[in-house]
Structures are given as structure tokens and as C-alpha cells.
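# Working through the structure, step by step
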Amino acid sequence: MNRTMREKIGAAFPDATCSTALDTVVVEVSPETLENTLARLKNDAAFNCSLLLDVTAIDYLDHPQPQPTRFAVVYTLRNWQDNLLVQVRCPVADPERGVPSACHLWGSANWGEREVYDQYGIRFAGHPDLRRILNHWQFQGHPLRKDYPIGKGQICYETDSLEKEIRARLVENGINETTLKDINTEIMFLNLGPSHPATHGAIRILTALDGETILANVNEIGYLHRGFEKTAEHRTYNQIVPLTDRLNYCSSMINNIAYVKAIEAWLGVQITERAQFMRVVLTEFYRILDHLVCIAANLVDMGGLTNYWYLYNEKEAAYDFISRLTGARLTSSFTRIGGMYRDFHESWKEDLEGHLRAIEKGIGDSLKLVETNRIVHDRTQNVCILPAETALSYGFTGPTLRASGVPFDLRKDAPYYNYQHFDFEVPVGSTGDIYDRFMIRFEEMFQSIRILRQAMKHIPEGPVDVADARVHLPPKNEVYGNIEGLANHFKLVFEGVKVPPGEWYDSFEAANGELGFHVVADGSGRPYKLKVRPPCFYIMGGFHRMVEGYMIADAIINLGCINIIGGELDR
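The following refers to the structure shown. None of the values given here were measured: they were computed from a predicted structure. (Residues numbered from 1 in each chain as written. Predicted model: local features only at pLDDT ≥ 70, side-chain atom pairs only at ≥ 80, totals over all residues. Heavy atoms only, no water.)

## Considerations on the packing of helix α11 (residues 348-370) against helix α16 (residues 434-458)
- Running from N to C, α11 and α16 point in directions that differ by 160°, and their axes come no closer than 11 Å. Between α11 and α16, the angle is such that the two are roughly antiparallel. Relative to α16, the crossing made by α11 is left-handed. Contact with α11, carried on its side by W348, K349, L352, E353, L356, R357, I359, E360, I363, S366, L367 and V370, involves M439, F442, M445, F446, I449, L452, R453 and M456 of α16 and no other residues of that element.
- Broken down by class, the residue content of the contact of α11 with α16 amounts to 14 nonpolar, one polar and five charged. (Axes fitted to C-alpha atoms, helices over the stretch in contact; angles between N-to-C directions. Helix = DSSP H or I, 4+ residues; strand = E, 2+ residues; numbered from the N terminus. Parallel < 35°, antiparallel > 145°, perpendicular 65-115°, else oblique. Left-handed = near helix turned anticlockwise from the far one by under 90°. Contact = heavy atoms within 4.5 Å. Nonpolar A, V, L, I, M, F, W, Y, C, P; charged D, E, K, R; others polar.)

## So, the packing of helix α10 (residues 305-326) against α11
- At their nearest, the axes of α10 and α11 sit 8 Å apart, and the two run at 170° to each other. Regarding the angle of α10 to α11, the classification is roughly antiparallel. Here T306, N307, Y310, L311, E314, A317, A318, F321, R324 and L325 of α10 come into contact with α11, specifically with W348, D351, L352, H355, A358, I359, G362, I363, D365, S366, L369 and V370.
- Class assignment for the residues of the contact of α10 with α11 results in 13 nonpolar, five polar and four charged.

## Thoughts on the sheet that holds strand β14 (residues 513-521)
- Ordered by their spatial adjacency, three strands build an open sheet running β13-β14-β15, and the pairing between neighbours is antiparallel. Two strands close off the open sheet at either side, each with one partner strand: β13 (502-510) and β15 (527-533). Here the average twist between neighbouring strands, direction ignored, is 15°.
- For β13 and β14, the ladder comprises nine bridges, and the chain directions are antiparallel. Residue G502 lies in a different strand from β14, and its bridge partner there is A521. (Pairing = 2+ DSSP bridges.)

## Points about the side chain of S252
- Of note, S252 is situated in helix α8 (residues 252-267).
- Beyond its immediate stretch of four places on either side in the chain, S252 contacts D245, Y286, L330 and T331.

## Structural notes on the environment of M551
- Following the sequence through the fold, M551 ends up in the loop between α20 (543-547) and α21 (552-562).
- Remark: the alpha-carbon pair of M551 and L224, spanning 327 residues in sequence, is separated by 27 Å.

## Remarks on the pattern of salt bridges
- Counted according to the given criterion, the structure contains 39 salt bridges.
- Among the ionic pairs, R70 bridges to D59, the shortest N-O distance being 2.8 Å. With R70 in the loop between β3 (51-59) and β4 (71-79) and D59 in strand β3, the pair connects residues that are eleven residues apart, well separated along the chain.
- Residue class for R70 comes out partly exposed when judged on its relative accessible area of 27%.
- D423 is the partner of R450 in a salt bridge, and the nearest nitrogen-oxygen pair spans 3.1 Å. Pair noted here: R450 is in helix α16 and D423 is in the loop between α15 (410-413) and α16, with a separation of 27 residues, a long-range link.
- The class for R450 is partly exposed, based on a relative accessible area of 30%.
- In the salt-bridge network here, residues are joined through shared partners; they are E284, R287, R402, D409, R411, E444 and E509. (Salt bridge = Lys/Arg side-chain N within 4 Å of Asp/Glu carboxyl O. Buried < 20%, exposed > 50% of the residue type's maximum accessible area, 1.4 Å probe, protein only.)

Here it is, written out as C-alpha cells:
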């Protein structure tokens, strides 16, 4: 399919250079044709790339292979119906001049381009709000440029008022000073967070209120930004695994697996059947745990503390099982390139089945309290509605997109690890309101339990690591018994897994949606660049479209139902 689509895209854009990288068609264009290329890929029914997944840039300053320009911008697009993935690359000769913005095509370009500007200093002509997003407003320089020293930290001494931004948003919504006088309205500006239990993390939600109705909303993130991508450039590929644990710490193992899957894809490493089943088991179990936290916290926001204990108690109990399974509780770093750290313990199936039954009971007890609860229905149904077109425009994926009626799930539409052989359904909402976003996670947990029981039944015996000296540490007897084994162990530990030069994107259906990794390899044991495409980032980028026009109390429970995780959002 990729070859056919590459030829089709090549014919449609004769001035572009087309190639493929894994499952992605890569289109290289000039700045003059970038805007038209993106517009046609989105609007032409032959391509229909309605999802702008991510925007990133690359600084080739230290790259061993000469490039025509120091910087390049990359847009990652997806046609979710036809499983088509396209990356549009554009060289940037002058960062100050930059390239045209794509904000008029996709809502997700707003935050995506802001991140590129913040991290690389590349401007986007026509962007409506080009300012910093992960780093604070007093930050000097651009940290993902290769000549920015990794140890140079900068302190913010003064908060950003965001007054200019919230007033601009009011005007954009058709509310100006004249209108306010006509309706005799007095606007109050109110901050939720960044230090507030209802924000579920360090997020600043600035609202303009008419009474308790939100007229306009702008958001500030970056309070937990720890420089994941800059740090990754200075670590070997396996040393990055513990860093991924801290992205979404509610489902840390999923981040491990998504990351190593991306590296293995470029290496051409096919992990063993048992390792594939182990990764499915861990992914689905952690998906359940992530949803348990989301729903439990959301019910507390609605005042339902009893539900919290029905759900969260089972998640807490599961940590004992995870500790036996992996050797650690919250952040286990259990995955390795080429396989797993070790096999499961002997009685893991019986232990897991016991937890699944307890989780089923907890979910059932909670559903009895909310399924026909009039208060829950009034608080959630037809509140903070987001249509499918808007959700796609802002780059939503996962449960939040499916709640708006879009049945896109990478496990079904671009299957990996034998997901095509598992019998499960993809729950889809009908309205795109808080109720759909809330209840869809209940059903997804039942589907994950369904997958887990199939995996437990069919998991094969055998090794959990590939017998490939390029990526896997040799057995200890070889390390201690011969010089070849010792040298192999030494080089893998100190120099890292050598990944062939190239650039690619790979993704995974995480608990919150599509978790992607854009990697640039230079042939060494460390990535030249590692960009994370976190599902939370783009969901939060569309938060204002959900809450404007609704009540301040609605915004609180809407934030809970989209399950924003600070570590994933800010990286």
C-alpha cells in the first residue's frame, strides 16, 4: 500500500521528493509549496489526512551527514480511515523568517508550532499566538538547538499575566467592550491552578467568567517540563527506557513498550512470540489501571468519594502484583530493546486472574452507583460537547476521540503484536460530551479484560529475548567465560545499541491515545533526536473548545474525563 500511495502522492506533487520510512510516506517540499501541500493532503479526498498528529523540527548542526539547511520542520499527518501516515518535511533556511503556519488547516497546529518555536526558535508566518509553551516566558534561547548547553537552567522570576491572550480570546469569541456594555456584563478573570487539586497536576486554566459561565479560556502548561527530549540525546537507547516511565506514570509500562517498539521497528528486530504476548498483557493491564485512576478521580470531582475507593483500591492492590511481576511498583523499566528484562513469575496467571476478578467487581460496584444516577447524568450528559470534526482538527486520539464518534484505534487500524487475532470491540460515543468521555473508559476496561484472558490462554512458551548480539546482552556465563561475550556486554552497556542512520516515526495505542516517537539516528548508540508525540498535549490544546459556553464546575469534571497527565503533557 505504501508503495502505491507513495507513487500516488509523487504524481500529485511532482515538485516534491517522495520516499518511505517504515509505514510512512515522506514528502520533502520547499517552503514556497509547504502550505499548498498540507492543504491538499488534508482536503483532497484522495488523501484525506484529517489528523495533524504532530509538528517537530530537527537541528542538523552536529549531524554527521551534510544537510542543505541547518533546520527542517516536519508535519506528521494521518488518514485514519485508510491507515495512511504521511510526513511532510520542509527545510528552513532562516528560522526568523520560518515557514507558513498551518493553523488555518488544523487546530492542533497551534500548539504544535508553538512548541517548535519554543524549542528551536523557528517562526511560523500567520500563527495567531506564537509564544513559548513548555519553557517559561522569561526563558532565553531555544533548548533543543544543538548549541544550547544541557546544563544551563533558567529561573522564572515573574508570572505571566496572560491578560493579552485571554482578552484576545474574548474578541475571537465575539465579545468586546461594546458588547459587554450592551448586555451589562461584568467579566471576572479567574485562575484554576496551577496549584489546585482539581487540575490533577500543575496546569493553569485562566477563564473569563460571566457569573459562572466561561466566556473564554486560555491555558498555560510546562510546569513539569523536565527536558525529556534534550536528556534523551545524551543517553544510550536502553538508558532512555527509565525516562519513558515518567511520561504517563499511571501507565508507565505502556510508555516503555511504545518506545522500544519504535527502536525495534527501525532495527528490523522481530521480538519473540512470548515477548509479544507479554507486552500485550502488560499494555492491557496498565490500560485498565490508567482508566481506573481517571474515572476514580473524575468521580471525586463530582462528589462521589465512595466510587473512588471501589476503583482505586483495586489499582493499589495491583501494585503488589506488578512488583512481583517486574520487581518494582510504579516505574519498573521492565522492557528492553529486543525483549524483556526477564520472564513473568511462575504463578502470574493465577495472580492476574484474581486481580481481574477484583477489578470487575470494583467496576461493577461503581457502575451501580452511577449508571442510573440522575445527578451524574445531569452533570455529564450534553455538557462540554466536542463534535468529531473539531476533535480531529485538534489532534485528539484515543478514548477522547472515540467519545466523539470516531472509531479510530491503532490496535484495530494498524495492528501490531498480533492484536488482529484478538477478539475485542472498540467502544465509540454518540455525542462527544463528558458522559461519553467518562463512560467509554468503563467499557474499554471490560474490553481490555477480554483481551487479557485471551492472551493468558494463548501465550506460548519460549525465550523472552531475541538471540541477537546487536541488541541483547549475552548470558552471564558467556560474559565471564570468553572474551567475545565480555566485549559484547561492555560495548552494549557503554556504547549502547547501534541504530542505523535514518529518520522515522512509530506509534502505539496508549491509554490516552496515540503515543508516537519521531527518531533521528546517526549510527551511534544514542539518538540524535527523540521527539515524543504525547496524546495529552494535543487534547489539552483543544480544552478551550470543550469548556467555553459552559459552567466553571463543568470545566473541572471535563478536565478529569480527558485524563491529563502532567508528565506526558509537559515531558
